[in-house]
Amino acid sequence: AGPGQAAMYAGLQELGVANGEDLKETLTNCTEPLKAIEQFQTENGVLLPSLQSALPFLDLHGTPRLEFHQSVFDELREKLLERVSAIALEGKVEERYKKLEDLLEKSFSLVKMPSIQPVVMCVMKHLPKVPEKKLKLVMADKDLYKACAVEVKRQIWQDNQALFGDEVSPLLKQYILEKENILFSNDISVLHNFFSPSPKTRRQGEVVQKLTQMIGKNVKLYDMVLQFLRTLFLRTRNVHYCTLRAELLMSLHDLEISEICTVDPCHKFTWCLDACIREKFVDNKRARELQGFLDGVKKGQEQVLGDLSMILCDPFAINTLALSTIRHLQDLVGQDTLPRESPDLLLLLRMLSLGQGAWDMIDSQVFKEPKLEAELITKFLPMLMSFVVDDHMFNVDQKLPSEEKGPIPYPSTIPEAFTKFLQENRIACEIGLYYILHITKQRNKNAFLRLLPALVETFSDLAFSDIFLHLLTGNLTLLGDEFALEEFCTSLFDGFFLTACSRKENVHRHVLRLLLHLHHKVAPAKLESLQKALEPTKQGGEAVKELYNQLTEKLSLRKPSPAEVTETPSMELPLPTVPTPASR
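Remember, predicted model here, so these are calculated numbers, not experimental data. (Residues numbered from 1 in each chain as written. Predicted model: local features only at pLDDT ≥ 70, side-chain atom pairs only at ≥ 80, totals over all residues. Heavy atoms only, no water.)

1. Quick notes on the overall build of the chain
Working step 1: Scanning the chain for helices and strands turns up 32 helices and 0 strands.
Working step 2: Burial status across the chain gives 43% buried among its 584 residues.
Working step 3: A separation of at least 24 residues holds for 71% of the contacts in the chain among residues at least 6 apart in sequence.
Working step 4: In the form shown here, the chain has an accessible surface area of approximately 32300 Å², with 56% of it arising from carbon and sulfur atoms. (Helix = DSSP H or I, 4+ residues; strand = E, 2+ residues; numbered from the N terminus. Buried < 20%, exposed > 50% of the residue type's maximum accessible area, 1.4 Å probe, protein only. Contact = heavy atoms within 4.5 Å. Areas by Shrake-Rupley, 256 points an atom, 1.4 Å probe, with all protein chains shown as cover.)

2. Some details on empty space enclosed by the protein
Taking a probe equal in size to a water molecule and rolling it over the atoms shows the remaining empty space.
Working step 1: Scanning the entire structure with this criterion turns up 4 cavities of 30 Å³ or more.
Working step 2: Of the pockets and cavities examined, the largest cavity occupies roughly 100 Å³.
Working step 3: Listed by contribution, the elements that provide at least two residues to the lining of the largest cavity are α12 (199–202), α15 (240–254) and α17 (267–279).
Working step 4: Tallying contributions element by element places α17 first for the lining of the largest cavity, with 4 residues.
Working step 5: Partitioned by chemical class, the residues of the lining of the largest cavity number 6 nonpolar, 1 polar and 5 charged.
Working step 6: Two domains share the lining of the largest cavity, each providing at least three of its residues, namely domain 2 (160–264) and domain 3 (270–370). (1 Å grid on protein atoms, 1.4 Å probe; cavity = no way out; pocket = protein on both sides within 12 Å on 5 of 7 lines; lining within 4 Å. Points joined across faces, edges and corners; volume = space filled by probe spheres on them. Nonpolar A, V, L, I, M, F, W, Y, C, P; charged D, E, K, R; others polar. Domains from an automatic or database assignment.)

3. A short note on the packing of aromatic side chains
Working step 1: On inspection of all chains with the given rule, the structure shows 17 aromatic pairs.
Working step 2: Arranged with centres 5.1 Å apart and planes meeting at 85 degrees, the rings of F194 and F195 form a pair that is edge-to-face.
Working step 3: Ring centres of F448 and F488 lie 6.1 Å apart, and the angle between their planes is 35 degrees; this geometry places the pair in the tilted category. One end of the pair, F448, is in helix α26 (residues 445–451); the other, F488, is in helix α28 (residues 486–501), and 40 residues separate them in sequence. Residue F448 shares its accessibility class with F488, and that shared class is buried.
Working step 4: Three or more aromatic residues link up through ring pairs in this structure, and these residues are F448, F464, F483, F488, F493, F496 and F497.
Working step 5: Over the ring of Y145 we find K153; its NZ or CZ atom is 5.3 Å from the centre of that ring.
Working step 6: It is R327 that lies over the ring of F281; its NZ or CZ is 3.9 Å from the centre. (Phe/Tyr/Trp six-rings, centres within 6.5 Å; stacked < 30°, edge-to-face > 60°. Lys NZ or Arg CZ within 6 Å of the ring centre and 35° of its normal.)

4. Some points on the layout of surface pockets
Working step 1: The space that makes up the second largest pocket amounts to roughly 1200 Å³.
Working step 2: Along the wall of the second largest pocket there are 44 residues; nearest its centre are V239, Q356, R426, S460 and L462.
Working step 3: Here the lining of the second largest pocket gets 6 residues from one element, more than from any other, and that element is helix α25 (residues 426–441).
Working step 4: Looking at the lining of the second largest pocket, its residues break down into 22 nonpolar, 11 polar and 11 charged.

5. Some points on the nonpolar core
Working step 1: Core analysis: the biggest nonpolar cluster contains 163 residues, and F380, F483, L492, F493, F496 and F497 have the highest contact counts within it.
Working step 2: Aside from chain neighbours lying at most four places away, what touches F497 is L469, L472, L492, V507, V511 and L514. (Core = buried A, V, L, I, M, F, W, Y, C linked by side-chain atoms within 4.5 Å.)

6. A word on the packing of α15 against helix α19 (residues 304–313)
Working step 1: The N-to-C vectors of α15 and α19 enclose an angle of 110 degrees; their axes lie 7 Å apart at closest approach. Taken together, the axes of α15 and α19 lie roughly perpendicular to each other. Residue-level contacts link Y241, C242, R245 and A246 of α15 to D307, M310, I311 and C313 of α19.
Working step 2: Broken down by class, the residue content of the contact of α15 with α19 amounts to 6 nonpolar, no polar and 2 charged. (Axes fitted to C-alpha atoms, helices over the stretch in contact; angles between N-to-C directions. Parallel < 35°, antiparallel > 145°, perpendicular 65-115°, else oblique.)

7. Looking at the side chain of H519
Working step 1: Structurally, H519 can be placed in the loop between α29 (505–518) and α30 (524–533).
Working step 2: Discounting chain neighbours no more than four positions away, the residues touching H519 are L527, L551, K554, L555 and R558.

8. So, a nonpolar patch on the surface
Working step 1: Together, L27, L34 and I37 give the surface a local cluster of nonpolar side chains, amounting to about 270 Å² of exposed area.
Working step 2: Within the secondary structure, L34 sits in helix α3 (residues 33–44).
Working step 3: With a relative accessible area of 71%, L34 lands in the exposed category. (Patch = residues over 30% accessible without salt bridge, like charges linked within 9 Å, V, L, I, M, F, W, Y side chains within 5 Å. Salt bridge = Lys/Arg side-chain N within 4 Å of Asp/Glu carboxyl O.)

9. As for helix α18 (residues 284–295)
Working step 1: The terminal C-alpha atoms of α18, which comprises 12 residues, lie 16 Å apart, in line with the 16 Å expected from a rise of 1.5 Å per residue.
Working step 2: Measuring from the backbone nitrogen of K285 back to the side-chain oxygen at the start of α18 gives 3.2 Å, which picks out D283 as the cap. (Expected span 1.5 Å × (residues − 1). Polar contact = N/O pair within 3.5 Å; in protein donor to acceptor, adjacent residues only side chain to side chain.)

10. Focus on the confidence of the model for the chain
Working step 1: Overall, the predicted model of the chain reaches an average pLDDT of 87, with 87% of residues at or above 70.
Working step 2: Scored below 50 in pLDDT, residues 563–584 makes 1 contact in the model with residues more than four places away or belonging to other chains. (pLDDT = per-residue confidence, 0-100.)

Here it is, written out as structure tokens:
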């Protein structure tokens, strides 16, 4: 018998059941093989008196004994599997588990026998506590570990963080990759962007579902995953880990897994914030609820701020808070109210500040809310409101009958303080960038060109972050017709994008994405100089080269063929003068 066959009979000898090896030995050492076979069949066959007379009947039909025994075996195995599942649900808890433990004890030696393995695995699956010795044996054998149910793996994982980490790690990598693929997607649209999917839709994603399944109701495993996410967030500063932290908790909330939700101190806060993210707005009622949670952090429990800050650092939360802030500022302009007089606005800033400070808080392990700078509220936000007023005044002025002095030009300068705030204050920078996204979405070219120079140098290069550039490129599609104008392209490309392309590959990718989408709107001469400026260096990454090749291919399709070019001069012959319709 080869190794494959040995596996088929694994463990039978320990139970005193004859296997292929025994038959081989019997036949090797006997004088009458046929008699020996018959005796082996009698001793090891199905011991039912009524069956003895029926078997010859099957022989007459040419049904091999193997086929008969196999079908009986399969039938019995199905019955046994059903019975095990039933035992797991009936009678008193101690009794049912006692029965299953006894069954496991009897059958475990056959766990490597492929035909019996499903039964052993089924027994283990239904045991809330598989004996330690058996778990160790399963863990030590790759094939057994692979074959066992997630319920058994959870029991192994909870005492083996490294092994659990090996299982979770590829999922976390996949999650980050999926997020980056959306941000760099070639489909640029103002309607369908990174923030379009609802929280509920996002939670149906493969990674979140798999992690939810792996954790089950096991608080220890949930804590381990959160620890992995914190560590990775600290190591990489990648905010997508914060999104996963919130999505995982809300996925367990959807399944009503109270064992975990009730012990996660962030549960109710995250649930309330999740509803705001769904609406992309923090309304007054929810704002009060969120404030209640923040104010309710008791002395000695400040550590929860670390978790809350991570929930608020999720880009989907920041997006919702920033959009709500811009909306509040516009409302305040209409109400003649100053930012410092609006408690709702101050709460949004408080949450933005907590979210933006997540990395520092978890890194320093100093759990207290970051202080809001007074100047953010007394100087920066009123400055943004003055930009809104400038727009209103300009629009009104355009509608007034013009006098001799001609129309008032749109203000082109920006206060030095605005640029300084964007460079030095993280919250101001975030709100400033969202204001620029807002005016771009409104197709307000004047305001966009006025504020664009302030984006060249921003706090930790936020204006060149993937999320901002993903949203900006989407909103710029609304200004598509402006790309034919030299002044607009020079400000946007030479004045902003190209200042960072050579040092930041992600910016290079976003510009190429934008041009792939809008190249037909750009003036040919400008397009040519851009094509030269954007040519990747030898050291450039594959993604940039791939995008550049796609763009080159698209542009070569646009250029007229040489044959057409030689014929062009014939158009310049003097044309006969015919009356033309008045051109308008």
